[in-house]
Amino acid sequence: MKNTPSIRLAAVAAGAALFLSACSLAPKYQRPELPVPQAFPNTAAPAAQQPPAATIAWQDYFTDPRLAKLIEIALANNRDLRVSVLNIENARAQFQIQRAALFPTLNASATQTRQRPSVTGIGNVSEVDTVGVGFTSWEIDFFGRIASLKDAALAQYLATEESRKAAQISLVSAVATGWLTVLSDDEFLEITRQTMETRDESLRLTKLRFDNGVASEIDYRNAESQAETARAAYAAQQRLRMQDENALALLLGAPVPPEAFAGSAAGLQALTPIQDLPAGLPSDLLTERPDIRAAEQQLIAANANIGAARAAFFPRVTLTSSIGTASNEFSGLFKSGSKAWSFAPAITLPIFDAGRNRAGLDSANVERDIAVAQYEKAIQTAFREVADALAGQATYDEQLRALIAQANAEEIRFKLSDMRYRNGIASGLDLLDAQRSLYMAQLATAQARQSKLQNQVALFKTLGGGWATR
């Protein structure tokens, strides 16, 4: 039997399948309008030459070599980031699985069948040996069902990649914030240590005056109370500093190197300044944030799933085909005239499914609407985060200036009170009040300096900075 017409028919069917598989029932994707204002509040237009934060390499923004080293360690060892990378590999594999369904799977087969057809056991034993290649149950994607599933898997893969970038942004900013926190703890400890020394000296003088009948026991006990209060604060700050370093070590996925805090006693004011970012960026640049791009890819995947759900209403066409040789004897498999082929198309048309396909389409539409809401919520959340960070950038400088001026005034007041107390002009209560006010002003200044630096880190993060590298 000649097999040329069947081979031609199979080729024509395959060509038609590849041509028609380009059809898709998925709705055309359109990005939703941004549900936020076009510009951030209380900002001016940036200079045209300033690049957006998302394109700034984190090494160019965090220029302190101690911090840069910590970020490098975290990027190499953090377990959460490692899981994000593995999720990308998993999503890539799932995409390849869906993509492979568009193509026929060729298989080689060899079979041998021996049987005695007589139920009485009397008769000849028949044997059929076959060898061939072919594909089994290849679905021709006339209505784009498999293509839509492939598009959804691709979007899921891209969303996972964007999620990895978002995870890196969060990690970089968390390391920077944690490092600044530990440096602030060191500055708080130094302020408290100096306060302890000052209060111990005041306690010594007050005890001397009390022993000589110049000061009352109330002054002495007040001085003693203030000295012990400073010791208690110092112990609490030591504990907090150790806990903050432990938290930083968890982010790094490795022990914190000792050189990470070299020179930290000098305080945050000795750090290499962190550059200000352009504040007047249009809000549509939020779509450059990886977490928002991930949400959009999830929306694209949900949109593609609608196409697959619509295609379920239409017939499915599958092909099973093979070509090879067949013979009643194994030795005759490759002799002339032993060629064999089969070509078995099948069509399945849904008639009654108790509403399964309709429910599937309804579910796909709802999932798309949910993805739209999640995408819009991601943009609104990002807008609020950037606006909050910009508000901090606009106000922290003035707050810090005022607190520095207050601390300077309190320091002068304390020196004058101490001089008056030593000369017997002022009471011990005046001196203790001046000590307490100076201590609180110094702590408030250090805290404002920490908040200002951490706000700059937050602005870099919220504008999408931290995943670019050089």
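Residues numbered from 1 in each chain as written. Predicted model: local features only at pLDDT ≥ 70, side-chain atom pairs only at ≥ 80, totals over all residues. Heavy atoms only, no water.

Chemist: Which parts of the structure should I look at to understand the overall build of the protein chain?
Modeler: Counting its secondary structure elements, the protein chain contains 9 helices and 4 strands. Every one of the 470 residues in the protein chain was classed for burial, and the buried ones make up 41%. Within the protein chain, contacts between residues at least 6 apart in sequence are counted, and of these 85% link residues at least 24 apart. Within the structure as shown, the protein chain displays about 25,500 Å² of accessible surface, and the carbon and sulfur contribution to it stands at 57%. (Helix = DSSP H or I, 4+ residues; strand = E, 2+ residues; numbered from the N terminus. Buried < 20%, exposed > 50% of the residue type's maximum accessible area, 1.4 Å probe, protein only. Contact = heavy atoms within 4.5 Å. Areas by Shrake-Rupley, 256 points an atom, 1.4 Å probe, with all protein chains shown as cover.)

Chemist: How should the nonpolar core be read in this particular structure?
Modeler: Proteins that are soluble and globular tend to have nonpolar side chains buried together. Among the nonpolar cores identified, the biggest contains 50 residues, and Phe62 and Val175 are the most heavily contacted of them. Of all the elements in the fold, those that place two or more residues in this core are helix H2 (58-61), helix H3 (65-77), helix H5 (145-211), helix H6 (217-252), helix H7 (290-311), helix H8 (356-422) and helix H9 (428-462). Considering every element that reaches this core, the biggest residue donor is H8, with 9 residues. (Core = buried A, V, L, I, M, F, W, Y, C linked by side-chain atoms within 4.5 Å.)

Chemist: Honestly, the packing of aromatic side chains in this entry has me stumped. Any pointers?
Modeler: When we look at a pair of aromatic rings, we describe it by the centre distance and by the angle of the planes. Per the stated rule, a full pass over the model turns up 5 aromatic pairs. For the ring pair Phe62 and Phe460, a centre distance of 5.5 Å and an interplane angle of 90° mean the geometry is edge-to-face. With Phe62 in the loop between H2 and H3 and Phe460 in helix H9, this pair connects stretches of sequence that are 398 residues apart. Grouping residues by exposure puts Phe62 and Phe460 together as buried. Three or more aromatic residues joined by ring pairs make a cluster, and in this case those are Tyr61, Phe62 and Phe460. Across the ring face of Trp467, the terminal group of Lys165 is positioned such that the distance to the ring centre comes to 4.3 Å. The ring of Tyr439 carries the charged tip of Arg199 above its face, separated from the ring centre by 5.5 Å. (Phe/Tyr/Trp six-rings, centres within 6.5 Å; stacked < 30°, edge-to-face > 60°. Lys NZ or Arg CZ within 6 Å of the ring centre and 35° of its normal.)

Chemist: In this structure, what is going on with the environment of Arg193? I would like to understand it.
Modeler: Note on placement: Arg193 falls in helix H5. The class for Arg193 is partly exposed, based on a relative accessible area of 30%. On a C-alpha basis, the gap between Arg193 and Ala233 in space is 9.6 Å, while along the polypeptide they are 40 residues apart. Polar side-chain contacts of Arg193 include one of 2.6 Å to the side chain of Glu190. (Polar contact = N/O pair within 3.5 Å; in protein donor to acceptor, adjacent residues only side chain to side chain.)

Chemist: Just to check I follow, could you spell out the packing of H5 against H8 for this structure?
Modeler: Between two packed helices, both the angle of their axes relative to each other and the distance between the axes serve to describe the pair. Remark: H5 packs on H8, axes separated minimally by 12 Å, with the N-to-C direction vectors making an angle of 20°. Judged on the interaxial angle alone, H8 and H5 are roughly parallel. Crossing of H5 against H8: the hand is left-handed. Seen from H5, the contacting residues are Thr198, Glu201, Leu205, Thr206 and Arg209; seen from H8, they are Phe414, Tyr421 and Arg422. Residue composition of the contact of H5 with H8, grouped by class: 3 nonpolar, 2 polar and 3 charged. (Axes fitted to C-alpha atoms, helices over the stretch in contact; angles between N-to-C directions. Parallel < 35°, antiparallel > 145°, perpendicular 65-115°, else oblique. Left-handed = near helix turned anticlockwise from the far one by under 90°. Nonpolar A, V, L, I, M, F, W, Y, C, P; charged D, E, K, R; others polar.)

Chemist: Explanation requested: H5 in the structure shown.
Modeler: Residues separated by three or four positions in an α-helix point in the same direction, a consequence of the helix having 3.6 residues per turn. Look at H5: 95 Å from first C-alpha to last across 67 residues, which is about the 99 Å you get at 1.5 Å a residue. Of the residues flanking the end of H5, it is Gly213, one or two places downstream, whose phi is positive at about 75°. (Expected span 1.5 Å × (residues − 1).)

Chemist: Please explain the side chain of Lys165 as it appears in this structure.
Modeler: Inspection of the secondary structure assignment puts Lys165 in helix H5. Of the residues examined, Lys165 reaches a relative accessible area of 13% and is grouped as buried. Discounting chain neighbours no more than four positions away, the residues touching Lys165 are Pro290, Arg293 and Trp467.

Chemist: I keep staring at helix H4 (residues 79-100) and nothing clicks. Help me out?
Modeler: If you check H4, its first and last C-alpha atoms are 32 Å apart, about what 22 residues at 1.5 Å a residue would give, namely 32 Å. Taken together, the buried positions of H4 are occupied by Leu81, Ser84, Ile88, Ala91 and Phe95. Summarising the axial view, the buried residues of H4 lie within an arc of 70°, below the 170-degree limit, and thus occupy one face. Away from the buried face of H4 by more than 90 degrees, exposed residues Leu86 and Ile97 are located. Contacts made by the buried residues of H4 are with H3 and H5. The opening residue of H4, the one whose side-chain oxygen lies 3.0 Å from the backbone nitrogen of Asp80, is Asn78. (Arc of directions from axis to C-beta.)

Chemist: How should I be thinking about unusual backbone geometry in this particular structure?
Modeler: Working note: non-glycine residues mostly have negative phi, and peptide bonds are mostly trans. Within the chain, Ala354 stands out as a residue other than glycine whose phi angle is a positive 60°. Looking at the secondary structure, you find Ala354 in the loop between strand E4 (339-348) and H8.

Chemist: Hey, could you run me through the packing of H3 against H6 in this one?
Modeler: Relative to each other, H3 and H6 sit at 55°, their axes nearing to 7 Å. What the angle tells us is that H3 and H6 run oblique. Taken together, the residues of H6 that come into contact with H3 (itself represented by Leu70, Ile73, Ala74 and Asn77) are Leu248, Leu251 and Leu252.

Chemist: Got a minute to help me understand the pattern of salt bridges in this structure?
Modeler: Where charged atoms from two side chains of opposite charge approach closely, those side chains can pair. Following the criterion strictly, the structure yields 31 salt bridges and no others. Note that Glu190 is salt-bridged to Arg193, the shortest N-O span being 2.6 Å. Here Glu190 and its partner Arg193 are both found in helix H5, 3 residues apart, which amounts to about one turn of the helix. The closest approach of N and O atoms between Arg422 and Glu201, which form a salt bridge, is 3.7 Å. Of the two residues, Arg422 is situated in helix H8 and Glu201 in helix H5; the sequence distance between them amounts to 221 residues. Residues participating in the shared-partner salt-bridge network are Glu162, Lys165, Glu288 and Arg293. (Salt bridge = Lys/Arg side-chain N within 4 Å of Asp/Glu carboxyl O.)

Any functional reading would require information beyond the geometric quantities listed.
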